[in-house]
Amino acid sequence: MEPKEPASAFSAAPLFVRYPGNPILSRQDWPYPINSVFNPAAVLLADGDTLLLSRVEDRTGLSHLCAARSANGIDGWKIDAQPTLVANPHEYPEEIWGIEDPRITYVPELEQYAIAYTSFARGGPGVSLALTRDFRAFERLGVIMPPEDKDAALLPRRINGYWAMIHRPVTPTGAHMWVSYSPDLRHWGGHMVMLAARRGGWWDANKIGLCSPPIETPKGWLTIYHGVRQTAAGSIYRLGLALFALEKPEVCLQRGDSWMFGPEAPYERTGDVKDVVFPCGQTIAADGDTIHLYYGAADSCVAMATGSIRELLAWLDEHSSVREELEM
Ligand code: BMA
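Quantities reported herein were computed from a predicted structural model and do not represent experimental measurements. (Residues numbered from 1 in each chain as written. Predicted model: local features only at pLDDT ≥ 70, side-chain atom pairs only at ≥ 80, totals over all residues. Heavy atoms only, no water.)

A.B. asks: Give a description of the site of the ligand that names residues and reports values.
C.D. replies: Taken together, Asn39, Arg55, Asp101, Lys150, Tyr237, Val273, Val276, Phe278 and Asp299 make up the full set of residues near the ligand. Between the ligand and Asp101 there is a distance of 2.6 Å, counted from an oxygen atom to a side-chain nitrogen or oxygen. Lys150 is positioned with one of its side-chain polar atoms (N or O) 3.2 Å from an oxygen atom of the ligand. About the coverage of the ligand: the protein hides 84% of its 310 Å² of free accessible area. (Near = heavy atom within 4 Å. Polar contact = N/O pair within 3.5 Å; in protein donor to acceptor, adjacent residues only side chain to side chain. Areas by Shrake-Rupley, 256 points an atom, 1.4 Å probe, with all protein chains shown as cover.)

A.B. asks: So what's going on with the sheet that holds strand 21 (residues 290-297)? Which residues, and what values?
C.D. replies: Strand order in the open sheet formed by four strands is 1-22-21-20, and the pairing between neighbours is antiparallel. In the strand order of this sheet, the two ends are held by strand 1 (17-18) and strand 20 (277-284), each with one partner. Note that strand 21 and strand 22 (residues 301-308) share eight bridges and pair antiparallel. Within strand 22, the residue paired with Ala297 across the bridge is Cys301. (Pairing = 2+ DSSP bridges. Helix = DSSP H or I, 4+ residues; strand = E, 2+ residues; numbered from the N terminus.)

A.B. asks: Run through unusual backbone geometry, naming residues and quoting values.
C.D. replies: Here the amide bond leading from Asn22 into Pro23 is cis, since omega sits at -5°, within 30 degrees of zero. By the element assignment, Pro23 lies in the loop between strand 1 and strand 2 (36-44). For the bond from Pro147 to Glu148, the omega torsion is -10°, close enough to zero to count as cis. Position of Glu148 among the secondary structure elements: in the loop between strand 9 (138-145) and strand 10 (149-154).

A.B. asks: Lay out the packing of aromatic side chains with the relevant residues and their values.
C.D. replies: Pairs of aromatic rings are described using the distance from one ring centre to the other and the angle between the two planes. Taken as a whole, this structure holds seven aromatic pairs when the rule is applied. Among the aromatic residues, ring-to-ring pairing joins Phe16, Phe261 and Tyr295 into one connected group. Over the ring of Trp202 we find Arg198; its NZ or CZ atom is 3.9 Å from the centre of that ring. Its guanidinium or amino end placed over the ring of Trp259, Arg238 lies 3.7 Å from that ring's centre, counting from NZ or CZ. (Phe/Tyr/Trp six-rings, centres within 6.5 Å; stacked < 30°, edge-to-face > 60°. Lys NZ or Arg CZ within 6 Å of the ring centre and 35° of its normal.)

A.B. asks: With reference to specific residues and values, describe the sheet that holds strand 8 (residues 124-132).
C.D. replies: The sheet built from four strands is open, its strands ordered 6-7-8-9 with antiparallel pairing. Each end of this open sheet is capped by a strand with a single partner; those strands are strand 6 (99-107) and strand 9. Averaged over all pairs of adjacent strands, the angle between strand axes in this sheet comes to 25°, irrespective of strand direction. As defined by bridge partners, strand 7 (residues 112-121) adjoins strand 8 across nine bridges and the pair is classed as antiparallel. The residue of strand 8 that forms the bridge with Thr118 is Val127. (Axes fitted to C-alpha atoms, helices over the stretch in contact; angles between N-to-C directions.)

A.B. asks: Break down the pairing of strand 8 for me, with residues and values.
C.D. replies: The element strand 8 is extensively covered by neighbouring structure, given that nine of its nine residues are classed as buried. Between the antiparallel neighbours strand 7 and strand 8 lie two residues. What sits between strand 8 and strand 9 in their antiparallel hairpin is a turn of five residues, with Phe135 showing a positive phi close to 60°. (Buried < 20%, exposed > 50% of the residue type's maximum accessible area, 1.4 Å probe, protein only.)

A.B. asks: Help me get a handle on the pattern of salt bridges, residues and values and all.
C.D. replies: All told, the structure shown has 18 salt bridges when counted by the stated rule. Across the pair Arg18 and Glu268 runs a salt bridge, and its minimum N-O distance is 2.8 Å. Taken together, the residues span a long stretch of sequence, with Arg18 in strand 1 and Glu268 in helix 1 (residues 266-269) at a distance of 250 residues. Glu268 matches Arg18 in its accessibility class, with the two residues each being buried. Between Glu139 and Arg186 there is a salt bridge, with the nearest N and O atoms lying 3.5 Å from each other. Of this pair, Glu139 sits in strand 9 while Arg186 sits in the loop between strand 13 (177-182) and strand 14 (189-195), and the two are 47 residues apart along the sequence. For Glu139, a relative accessible area of 38% corresponds to the partly exposed category. With a relative accessible area of 45%, Arg186 lands in the partly exposed category. When salt bridges that share partners are traced, they join Arg198, Asp204, Arg255 and Asp257 into one network. (Salt bridge = Lys/Arg side-chain N within 4 Å of Asp/Glu carboxyl O.)

Below is the structure:
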């Protein structure tokens, strides 16, 4: 019998159910020596395969990205024999300390995948963008958001004629989610806060960031974000939910009060960085509802949990309030 998930403190049934065979990818699976594999972007390819593009930390401590493909998105992974996308510090000095945490968006207008990733160098972490058709050849567009900035993803279509990028700059008032606009994917402006970190004792006080790319639903962009709680023992990375207006993503329509997924399983609680769940991607099944959420666990391995778009939207209807305005 499959182990049953305990009900969360805030909902009768858990919104995301962990795959019992987690973790689905770890360093032992890798075809070359690495320290850890985590924080994967995910996409369903045209042939139906699931592709994960994970952050891989090698034994220099620096990260690159590596692709793994599977027919069912759960097992039977075919991992690239060599790193798939590596830092190129000669042409892109912003990558001198490696590249991390990709988010993939398929862009029908370009017939290409856009990969937003963290490029890390002396100036700090920034956001870089690359385009690909096949995850073998990549066109780099360079840094699009200077440091300190990360947790970025492109929306899959233009909004009022402009491309929209969600990202997370760090400002003196905290680390909030912003959206910026561009006519050409290279020049960005129209910067606006779309979701602010709460303050005080909230689970998502002071530092939040986008997780996987938002999911377009008739009600709005359904968005999973992480909140980082600082404690005397270190940080706890948990996941929350928010909904943004389709043609104005800087407008938040709903925001859950509580977190809806947090580190509980042993592989999430223990690892190189304890108490971290960090999704960078998801796939949606053919039913248009079932989500496979792929996440890094404790900065050490890759895990998967299953949810439902319908249930996430229903949960937001019940668990978001305007209290936030009073308590931020
Ligand atoms: C963030 C990023 C992630 C990492 C997380 C927890 O700032 O660096 O790659 O998973 O911290 O260490």
